[in-house]
Amino acid sequence: MAERSKPKVAVWKFASCDGCQLSLLDCEDELLAVAEEIQIANFPEASREVIEGPYDVSLVEGSVTTPHDRERIQMVRKSSKVLITIGACATAGGIQALRNFKDVKDFINTVYANPEFIDTLDQSTPIADHVKVDFELRGCPINKMQLVEVINAFLNSRKPNTPPHSTCIDCKLEGNVCVMVAQGTPCLGPVTHTGCGALCPTYNRGCYGCFGPKETPNTNSLSSWLKQSGANDDQMMRAFRGFNAWSEPFRKESESHD
Amino acid sequence: MNAPVLIDTIGLGQLIKLLQKKGYQVMGPTVRDEAIVYDTLDSINDLPQGWTDEQEAGHYRIKKRDDNAYFGYVVGPHSWKKYLHPPRRRLWRAEQKDGEVDIIPESAESTRFAFLGVRSCELHAITIQDEVFIKGPHVDNDYRLRRENALIIAVNCTQSAPTCFCVSMNTGPKAESGYDLVLTEILENNIHHFLVQAGSEKGLELLGELDPRPAKESDISKAEKGIEQAAQQMSRSMKTDGIKELLFENLEHPRWDEVAERCLSCANCTMVCPTCFCSTVEDVTDITGDHAERWQRWDSCFTMDFSYLHGGSVRSSTKSRYRQWMTHKLASWIDQFGSSGCVGCGRCVTWCPVGIDITEEVRAIENAGSKTSTPSQGGKE
Ligand code: SF4
Ligand code: SF4
Ligand code: SF4
Ligand code: SF4
């Protein structure tokens with residue numbers, strides 16, 4: 001094909017477990033092909049080499065939890081043409097957003113011997129609350145094949161195939177038997193954004209909602225059904241208070257059972 | 001095609017072997033993941049002998065029967081659509097080399113399927129999909145090939161589930177046509193017989209190789225009684241007289257808002273429905289951009305992308321999406337393909353995670369409709 005210049009890609013970490021950026025390293029077979037086509041400009045997990053910005057693409061992992069990060073994300077945005085957030089921390093605030101439901105000072109006083117050294121924000125928030133985000137890739141962790149797909153689509157100037165519909169559709173494409181209907185196992189699939197290939201239902205478990213709310217989620221109807229089938233408010237509150245607890249539809253739903 | 005004959009379990013086992021010998025991949029019911037699904041059958045031992053299913057809106061459980069019937073279940077989560085119109089299929093590939101683009105069409109699938117255990121409603125569903133994929137102006141050749149190669153061994157239902165409503169849809173429980181062979185299971189004191197009739201030359205030929213016994217009058221009446229029992233058990237129904245007019249005259253009925261409060265727009269109903277045929281295409285490339293593929297995959301009118309025109313989705317509310325599904329199945333399908341798009345199999349009722357029941361939704365509109373308009377169903381206002 002016609003020579004194209006190698007885009008400069010940077011990977012940034014905010015408050016997160018590193019799992020999502022490690023997905024990129026986990027793409028063994030595809031990684032070499034990816035590395036041929038892009039210039040990795042800043043990827044501390046993979047290499048110490050740092051190439052100066054501006055960057056064509058920034059992949060941002062993690063949520064904003066400290067005053068320092070709040071400043072840093074502005075710098076990342078300024079030096080990036082395209083900013084893509086990856087994973088539940090970056091797109092929804094992550095599991096650490098559980099702090100948002102309580103007073104963070106209480107946690108700090110309980111956990112740290114010297115709370116005065118801790119400089120943190122009251123809330124863990126997604127990147128899109130702070131800067132403009134061009135594309136959000138969901139998941140906790142993200143699906144590495146979807147990450148390759150997003151990079152691939154960007155390189156080839158096409159739309160990535162990361163549909164926002166329910167996990168149920170992919171569950172059915174896989175030929176799974178619905179665990180909710182056939183076994184009475186609670187499953188968040190009908191309100192959850194697809195992306196994992198319905199991994200848990202494929203192994204006979206209910207969906208935990210790792211990819212966050214799907215388009216037009218009806219969490220209320222699902223909760224009512226599950227409660228009719230024997231779940232209590234505490235269980236429903238916990239079901240929606242996972243990695244995507246701070247995404248608005250899940251947050252509202254969990255609060256209604258609090 | 002022939003006078004009914006009888007085979008026993010040995011005959012049934014031989015039938016499977018015979019089909020395999022003839023080069024068919026035999027697909028049929030088997031127990032997996034706490035359900036009776038359709039999968040490859042190696043032998044008669046793979047059949048769900050002694051199992052049945054318990055179904056209600058949003059509820060399915062397999063249960064042990066107190067006899068050892070082979071076909072003592074109804075319909076499960078899968079339908080034959082997954083073989084004839086597979087969930088994902090590559091349509092073509094393209095390679096780019098030295099500035100030239102080469103398009104490589106997919107070679108047509110040559111798998112020869114033999115479907116064992118096809119129920120009457122499913123025969124009707126296959127006929128409906130034939131209408132969509134073969135009879136219209138745009139023939140899906142891949143589907144046509146699979147369909148022409150497929151051999152169908154139907155089984156008459158001798159029991160029905162509370163979610164079935166084929167009687168009211170005129171689609172069962174007795175298989176009337178569209179099969180190569182049809183079996184009715186007769187089980188007495190745990191002794192098995194299958195009443196067999198051929199529906200095609202191919203079926204007749206197969207039967208000839210099985211060495212069946214002639215059936216007695218009493219065998220035939222036992223089989224008929226079984227089918228009659230399935231019809232008698234059926235508690236659900238849908239009133240189809242004037243249904244098209246009823247739905248079209250009630251497009252702004254408040255019931256659509258009510259069902260939208262419950263509907264998850266999860267698309268399970270369209271995925272399990274044996275007649276829903278919608279698909280979308282996804283283009284993929286490899287990283288270099290030298291290799292591209294176009295894939296087809298099942299889609300549903302419950303997604304936003306389905307009605308995406310430039311600038312947004314035409315059906316953004318769940319109300320409009322549920323209404324699309326139901327009015328297409330039960331009303332506009334009639335104009336489009338000459339029959340209802342529903343065969344009364346009850347899958348959308350059972351496999352809806354929140355138990356939404358299409359028959360109940362029709363009834364709600366019908367009842368409320370008759371309050372505000374003339375008493376006759378679908379009457380003009
Ligand atoms: S198992 Fe879960 S994801 Fe799969 S169809 Fe059922 S509700 Fe949906
Ligand atoms: S609409 Fe429901 S009952 Fe009718 S054919 Fe489809 S799945 Fe079966
Ligand atoms: S009901 Fe929806 S998914 Fe099914 S055939 Fe009609 S438009 Fe397609
Ligand atoms: S009717 Fe049921 S299965 Fe269909 S989209 Fe709505 S909730 Fe899902």
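Please read all numbers here as calculations on a predicted model, not as lab measurements.

Chemist: So what about the overall build of chain B? Which residues, and what values?
Modeler: Check the secondary structure of chain B and you find 13 helices and 16 strands. Its C-alpha atoms give chain B a radius of gyration of 23 Å, near enough to 21 Å, the size a compact globule of 381 residues would have. For chain B, the spread of C-alpha atoms along the three principal axes comes to 70 × 65 × 35 Å. Looking at the 381 residues of chain B, the share that counts as buried comes to 55%. Expressed as a percentage of contacts within chain B between residues at least 6 apart in sequence, the contacts between residues at least 24 apart total 70%. As presented, chain B carries roughly 16400 Å² of accessible surface, and 49% of it is formed by carbon and sulfur atoms.

Chemist: Outline the interface of chain A and chain B, supporting the account with residue identities and numerical values.
Modeler: Counting residues at the interface gives 38 residues for chain A, matched by 49 residues for chain B. In this assembly, chain A packs against chain B so that about 3500 Å² is buried in total across both faces, 55% of it on carbon and sulfur atoms. The three residues of chain A that bury the most area against chain B are Lys172, Leu173 and Val181 of chain A, which together make up 20% of that side's buried surface. Along the contact surface separating chain A from chain B lie 2 salt bridges.

Chemist: Tell me what's going on with the pairing of strand E6 (residues 88–97) of chain B, and back it up with residues and numbers.
Modeler: Residue and element names in this part refer to chain B. Sheet topology places E6 next to strand E14 (residues 291–298); 7 bridges connect them, and they run antiparallel. If you follow Arg93 over to E14, its bridge partner there is Glu293. Linking E6 back to strand E7 (residues 100–105) in an antiparallel pair, the connection comprises 2 residues, with Asp98 at a positive phi of about 45 degrees.

Chemist: Give a detailed account of helix H7 (residues 217–233) of chain B, specifying residues and quantitative values.
Modeler: All names here are of chain B. The end-to-end C-alpha distance of H7 is 24 Å, a good match for the 24 Å that 17 residues give at a rise of 1.5 Å each. Buried residues of H7: Asp219, Ala223, Gly226, Ile227 and Ala230, and no others. Buried positions in H7, seen along its axis, are confined to an arc of 90 degrees and lie on one side of it. Exposed positions of H7 whose direction lies more than 90 degrees from the buried face are Glu217, Lys225 and Gln232. Lining the buried residues of H7 we find strand E1 (5–7), strand E10 (181–188) and strand E11 (191–198).

Chemist: Can you explain the packing of helix H10 (residues 219–228) of chain A against helix H12 (residues 248–256) of chain A? Please cite residues and give values.
Modeler: Residue and element names in this part refer to chain A. Relative orientation of the contacting elements H10 and H12 amounts to 40 degrees, with a least axis distance of 10 Å. Taken together, the axes of H10 and H12 lie oblique to each other. Helix-helix and strand crossings are classified by hand; for H10 and H12 the assignment is right-handed. Contacts between H10 and H12 involve Thr219, Asn220 and Ser223 on the former and, on the latter, Pro249, Phe250 and Glu253. Among the residues forming the contact of H10 with H12, the class breakdown is 2 nonpolar, 3 polar and 1 charged.

Chemist: Report on the sheet that holds strand E5 (residues 135–137) of chain A, specifying residues and quantitative values.
Modeler: Residues and elements named next belong to chain A. One open sheet holds the 5 strands; their spatial order is E2-E1-E3-E4-E5, and the pairing between them is parallel. Where the open sheet ends on each side, the last strands, each with one partner, are strand E2 (39–42) and E5. Strand after strand, the sheet turns through a mean of 25 degrees between neighbouring axes, direction not considered. With respect to the sheet, helix H3 (residues 67–78) is in contact with strand E1 (8–13), strand E3 (55–61) and strand E4 (80–86), its orientation differing from that of E4 by roughly 130 degrees.

Chemist: How would you summarise the site of ligand 4 if you had to cite specific residues and measurements?
Modeler: What surrounds ligand 4 is a group of 13 residues, the closest being Cys263, Leu264, Cys266, Cys269 and Cys352 of chain B. A breakdown of the residues in the shell around ligand 4 according to their chemical character gives 11 nonpolar, 2 polar and no charged.

Chemist: Explain the pattern of salt bridges to me, using residue names and the numbers behind them.
Modeler: All names here are of chain B. In total, this model carries 42 salt bridges over all chains according to the counting rule given. Between Arg255 and Glu360 there is a salt bridge whose closest N-O contact spans 3.8 Å. With Arg255 in helix H9 (residues 254–262) and Glu360 in helix H13 (residues 358–372), this pair connects stretches of sequence that are 105 residues apart. With a relative accessible area of 16%, Arg255 lands in the buried category.

Chemist: Can you lay out the side chain of His165 of chain A for me, pointing to particular residues and giving the numbers?
Modeler: Examined against the element boundaries, His165 of chain A turns out to sit in the loop between helix H6 (144–155) and helix H7 (167–173). Non-local contacts of His165 of chain A, meaning those with residues more than four positions away in its chain, are made with Asp170, Thr192, His193, Thr194, Lys214 and Glu215 of chain A together with Arg297 and Thr303 of chain B.

Chemist: I'd love a proper account of the site of ligand 1, names of residues and values included.
Modeler: Taken together, Cys168, Cys171, Lys172, Cys178, Val179, Cys187, Gly189, Pro190 and Pro201 of chain A together with Asn268 of chain B form the complete shell of residues around ligand 1. The local environment of ligand 1 is shared, drawing residues from chains A and B. If you tally residues by element for the shell around ligand 1, the top one is H7 of chain A, at 3 residues. The residue makeup of the shell around ligand 1, split by class, is 7 nonpolar, 2 polar and 1 charged.

Thresholds, definitions, all that
- Residues numbered from 1 in each chain as written.
- Chains lettered and ligands numbered in written order.
- Predicted model: local features only at pLDDT ≥ 70, side-chain atom pairs only at ≥ 80, totals over all residues.
- Heavy atoms only, no water.
- Helix = DSSP H or I, 4+ residues; strand = E, 2+ residues; numbered from the N terminus.
- Rg over C-alpha atoms; globule rule 2.2 N^0.38 Å.
- Buried < 20%, exposed > 50% of the residue type's maximum accessible area, 1.4 Å probe, protein only.
- Contact = heavy atoms within 4.5 Å.
- Areas by Shrake-Rupley, 256 points an atom, 1.4 Å probe, with all protein chains shown as cover.
- Buried area = accessible area lost by both parts, 1.4 Å probe.
- Salt bridge = Lys/Arg side-chain N within 4 Å of Asp/Glu carboxyl O.
- Pairing = 2+ DSSP bridges.
- Expected span 1.5 Å × (residues − 1).
- Arc of directions from axis to C-beta.
- Axes fitted to C-alpha atoms, helices over the stretch in contact; angles between N-to-C directions.
- Parallel < 35°, antiparallel > 145°, perpendicular 65-115°, else oblique.
- Left-handed = near helix turned anticlockwise from the far one by under 90°.
- Nonpolar A, V, L, I, M, F, W, Y, C, P; charged D, E, K, R; others polar.
- Near = heavy atom within 4 Å.

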